[in-house]
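Per-entry structural report
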Amino acid sequence: MADFEKKQPMLDRRHFVGGALATSALAALAGCTGGNGGTTAGSGSAAAEAPTVGENYMSYYLSEPAFIDPYNGQENQGMSVIAACFNGLVTWDYDTNEPVALAAADLPTVSEDGLTYTFTLREGMTFHNGDPVDAASFKRGWERMVDPSMATPGEVGYHLAPVAGYAEYAAGEADEMTGLVAVDDLTFQVTLSAPMADFTAVCCHPALVPVPQAALDDPASFLEQPIGNGPFKMDEPWQHNQYILCSRFEDYFGEAPAIDGVYFSIQADPDTAFRGFQAGEIDFTNIPVGQINDCVEQYGQSEDGFTVTPGAQALTGTELSTYYLIPNLTDENLSKKEVRQALSLAIDRQAIVDTLFEGYREPANSIMPLSIDDNEENIWEYCAYDPERAKQILADAGVDPASISVTLDYNSGGDHEDIMSAIQANLADIGVTVTQNTLEWAAYLDSLSDGSYGLARLGWTADYPIQDNFLYPNFFSTADNNYNGYNNPDVDAAILAARQIQDEEERRAAYRTICHQIGEDMPVIPIMFYAHNYVGSERLAHFFYDAATIPHFDTAQLA
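A short tour of the structure in this document, coming up. Remember, it's a predicted structure, so these values are computed and weren't measured experimentally.

**Observations regarding the overall build of the protein**
Scanning the protein for helices and strands turns up 16 helices and 24 strands. Since a compact globule built from 559 residues should have a radius of gyration of about 24 Å, the 23 Å found for the protein is in line with a globular shape. For the C-alpha atoms alone, the extent of the protein along its principal axes is close to 65 × 60 × 40 Å. Classification of the 559 residues of the protein by burial places 60% in the buried group. Split by element, the accessible area of the protein, about 19400 Å² in all, is 45% carbon and sulfur. Looking at charge distribution, the protein has the averaged site of its 24 positive side-chain charges lying 3 Å from that of its 83 negative ones.

What follows is the structure, encoded as structure tokens:
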């Protein structure tokens, strides 16, 4: 998942990674918590009056999401709300490191040819409006992700690219995806166009969920107040730039959450949110740049890096996420792989990690995070720091560094300024002219879509923790998230072939070869692998925030 932070990716999805994304400014602080743990809105004429909630509500920092409707769940802010309100067929278990059944009664049965996955749903599930959760609702939700007739077509339909009929449906040439069949109320059948050994992991994506008929009958309302089947439900429409309020769904099919609800406190930036945390107004937030060690000392470090408990409240666990730059391949200089290789060699990643993140992140040696696959074959040669070699590559290619002028583009409000300034200084050291261009989130997303950027910042957080999720979405020639249009037919063919390898070790080896091959082209410039930089309040008796930057409100407990 794309992570436009932060994190996000995550993530960043774009992971894809853990932290705040760009937002519009708030007129007033929303989501202040009183001394009794209740949450109310701050004053301000532009702020909607927020409801008061009880002590058993968790207050959680968000920057303004892009979408909270799962059809377009594309970044970690919106995915936090989606994960609270919806359940898919399966989910990833980070204890066993494999998929487990969720809305499905069990893992799918798979046909001998590897093409057809049959899911049997749990009985008696309902949506928040009382409608039954059936196989037709899964078909409806999955097709909606790909439907080109949506008022704003989704950008995450690529998850379903392996399904038969995807291409025709996405192009508007068919009325349905032929590979999605509601056999009966409790039997959902998915047929692929070619075998994909990791497809059950794909089904763990939090946006691959069912939706009720209301999503089609009143899409505008559903966009603002989605009706899910998960442990929490939205009590009112999204109050943009202020808050989102969710309460426990009493008819949830699974184990009832211990908390009564979640108050998503939308703040202008991580610093504002952290001040709210320090004042006792927010239970979970980002740690600002430069304050990780201070938070570890003051609040204690989580034992596993992902779970908040009293006295062990600072999270520093490794994320399934990479922070990177995408060069605009239509630019005369950036279109040359030698220039991209040189720019990458000029960047001192270790200094960025040590100076800005106090050593709690890892310099990226590839697009593939170490937490996904720590193998030396993934390493990209040009991710080393070697400014002298960078100059020599440019000289050998007949490119004068003084002729290179690039813009570093990034979204505001996510603590990217210092990172970009460090990169700017590194590139200036080899004679490249660099300017910075900061945009609010919506405008930044537009610039990525219309190609009006130079060297743009992105994060990618795993939608599901497999190698394919870092390679296909970002580098397959027709993938939706391949923003700069990288096109290598050999890479395309190799990815499609790797997906069909049933033996896990052989499949992993094939993906490592592909990753290395992409690294020779340098279509992106990896900077660092994310790690959590979050802190929870002492009110949190237990709160798990996983490596893909998904919060687990369903198991959260307040002291």
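What follows picks up the thread again.
**Remarks on the pattern of salt bridges**
If you walk through the whole model with that rule in mind, you get 13 salt bridges. Put simply, Arg389 and Glu381 hold a salt bridge, and the shortest N to O gap is 2.6 Å. Here the residues in one salt-bridge network are Lys139, Glu143 and Glu176, joined through shared partners.

**Re the state of the cysteines**
Inspection of every chain in the model, using the stated rule, returns 0 disulfides. Cys515 supplies the cysteine sulfur nearest to Cys383, a cysteine that is in no disulfide, at a spacing of 9.3 Å. Since its relative accessible area comes to 9%, Cys383 is described here as buried.

**Some words on the sheet that holds strand β23 (residues 540–545)**
In sheet architecture, strand pairing relies on hydrogen bonds along the backbone and comes in two forms, parallel and antiparallel. One open sheet accounts for 3 strands, arranged β14-β23-β24; its pairing is antiparallel. Sheet topology places β14 (307–308) and β24 (551–558) at the edges, where each strand pairs with a single neighbour. Sheet topology places β14 next to β23; 2 bridges connect them, and they run antiparallel. From the neighbouring strand, Thr307 faces β23, where its bridge partner is Phe544.

**Some thoughts on the packing of helix α9 (residues 337–345) against helix α11 (residues 387–396)**
Look at α9 against α11: their axes get within 8 Å of each other, and the N-to-C directions meet at 165°. Overall, the two elements α9 and α11 adopt an arrangement that is roughly antiparallel. Between α9 and α11 the crossing geometry is left-handed. Across the interface between the two elements, Glu338, Val339, Gln341, Ala342 and Leu345 from α9 touch Pro387, Arg389, Ala390, Ile393 and Leu394 from α11.

**Some details on helix α15 (residues 489–499)**
If you check which residues of α15 are buried, you get Val491, Asp492, Ile495, Ala498 and Arg499. End-on, the buried residues of α15 take up no more than an arc of 135°, which puts them together on one face. Exposed and oriented more than 90 degrees from the buried face of α15 are Pro489 and Asp490. If you follow the buried residues of α15, they end up packed against α14 (468–475) and α16 (504–521). Structurally, the start of α15 carries an N-cap: the backbone nitrogen of Asp490 is 2.9 Å from a side-chain oxygen of Asn488.

**Comments concerning unusual backbone geometry**
With phi around 60°, Asn97 is a residue other than glycine that occupies positive phi space. Summarising the element assignment, Asn97 is placed in the loop between β4 (90–93) and β5 (98–101). Here the phi dihedral of Met522 falls at roughly 50°; this positive angle occurs in a residue that is not glycine. Within the secondary structure, Met522 is located in the loop between α16 and β21 (525–531).

**Considerations on the packing of aromatic side chains**
We describe a pair of aromatic rings using the distance from one ring centre to the other and the angle between the two ring planes. Applying the stated criterion across every chain, the model contains 22 aromatic pairs. Here the aromatic rings of Tyr472 and Phe476 are separated by 4.7 Å at their centres, their planes lie at 25°, and the arrangement is stacked. Exposure remark for Phe476: the relative accessible area of 10% places this residue in the buried category. Taken together through their ring pairs, the aromatic side chains of Tyr60, Phe264, Phe284, Tyr534, Phe543, Tyr545 and Phe553 make up a single cluster. Directly above the ring of Phe357 sits Arg361, whose terminal nitrogen or CZ lies 4.0 Å from the centroid. Note that Arg457 overlies the ring of Tyr323, its terminal NZ or CZ placed 5.1 Å from the centroid.

**With respect to the environment of Arg122**
With respect to the helices and strands, Arg122 occurs in the loop between β7 (116–120) and α2 (135–146). For Arg122, the residues in contact, after removing those within four places along its chain, are Ala101, Leu102, Ala103, Ala104, Ala105, Leu186 and Phe253. Of note is the side chain of Arg122, whose polar atom sits 2.4 Å from the backbone oxygen of Leu102. In terms of polar contacts, Arg122 uses its side chain to reach the backbone carbonyl oxygen of Ala104, at 3.5 Å.

**Examining the environment of Ala510**
If you trace the backbone, Ala510 turns up in helix α16. Put simply, Ala510 and Ser371 are 139 residues apart on the chain and 18 Å apart in space, counted from C-alpha to C-alpha.

**Thoughts on the pairing of β5**
Judged from the 4 bridges that link them, β4 and β5 form a sheet pairing that is antiparallel. In the sheet register, Trp92 faces β5, and the bridge partner there is Pro99. Following β4, the chain reverses through 4 residues before pairing antiparallel with β5; Asn97 in that reversal takes a positive phi of roughly 60°.

**What about the pairing of β23?**
Consecutive side chains of a regular strand alternate in pointing toward one face of the sheet and then the other. Bridge count between β23 and β24: 4 bridges; the pairing is antiparallel. Among the inter-strand pairings, Leu540 is bridged to a residue of β24, identified as Leu558.

**Section: the side chain of His128**
The residue His128 is located in the loop between β7 and α2 in this model. Its relative accessible area of 17% is what places His128 among the buried residues. A distance of 3.1 Å separates the side chain of His128 from the backbone oxygen of Gly230, its partner in a polar contact. At a separation of 3.2 Å, a polar atom in the side chain of His128 contacts the main-chain carbonyl oxygen of Phe232. Once residues lying within four places of it in the same chain are set aside, the contact partners of His128 are Cys85, Ile227, Gly228, Asn229, Gly230, Phe232, Lys233 and Phe249.

Cut-offs and rules
- Residues numbered from 1 in each chain as written.
- Predicted model: local features only at pLDDT ≥ 70, side-chain atom pairs only at ≥ 80, totals over all residues.
- Heavy atoms only, no water.
- Helix = DSSP H or I, 4+ residues; strand = E, 2+ residues; numbered from the N terminus.
- Rg over C-alpha atoms; globule rule 2.2 N^0.38 Å.
- Buried < 20%, exposed > 50% of the residue type's maximum accessible area, 1.4 Å probe, protein only.
- Areas by Shrake-Rupley, 256 points an atom, 1.4 Å probe, with all protein chains shown as cover.
- Lys, Arg positive; Asp, Glu negative; His and termini not counted.
- Charge placed at Lys NZ, Arg CZ, Asp CG, Glu CD.
- Salt bridge = Lys/Arg side-chain N within 4 Å of Asp/Glu carboxyl O.
- Disulfide = S-S within 2.5 Å.
- Pairing = 2+ DSSP bridges.
- Axes fitted to C-alpha atoms, helices over the stretch in contact; angles between N-to-C directions.
- Parallel < 35°, antiparallel > 145°, perpendicular 65-115°, else oblique.
- Left-handed = near helix turned anticlockwise from the far one by under 90°.
- Contact = heavy atoms within 4.5 Å.
- Arc of directions from axis to C-beta.
- Polar contact = N/O pair within 3.5 Å; in protein donor to acceptor, adjacent residues only side chain to side chain.
- Phe/Tyr/Trp six-rings, centres within 6.5 Å; stacked < 30°, edge-to-face > 60°.
- Lys NZ or Arg CZ within 6 Å of the ring centre and 35° of its normal.

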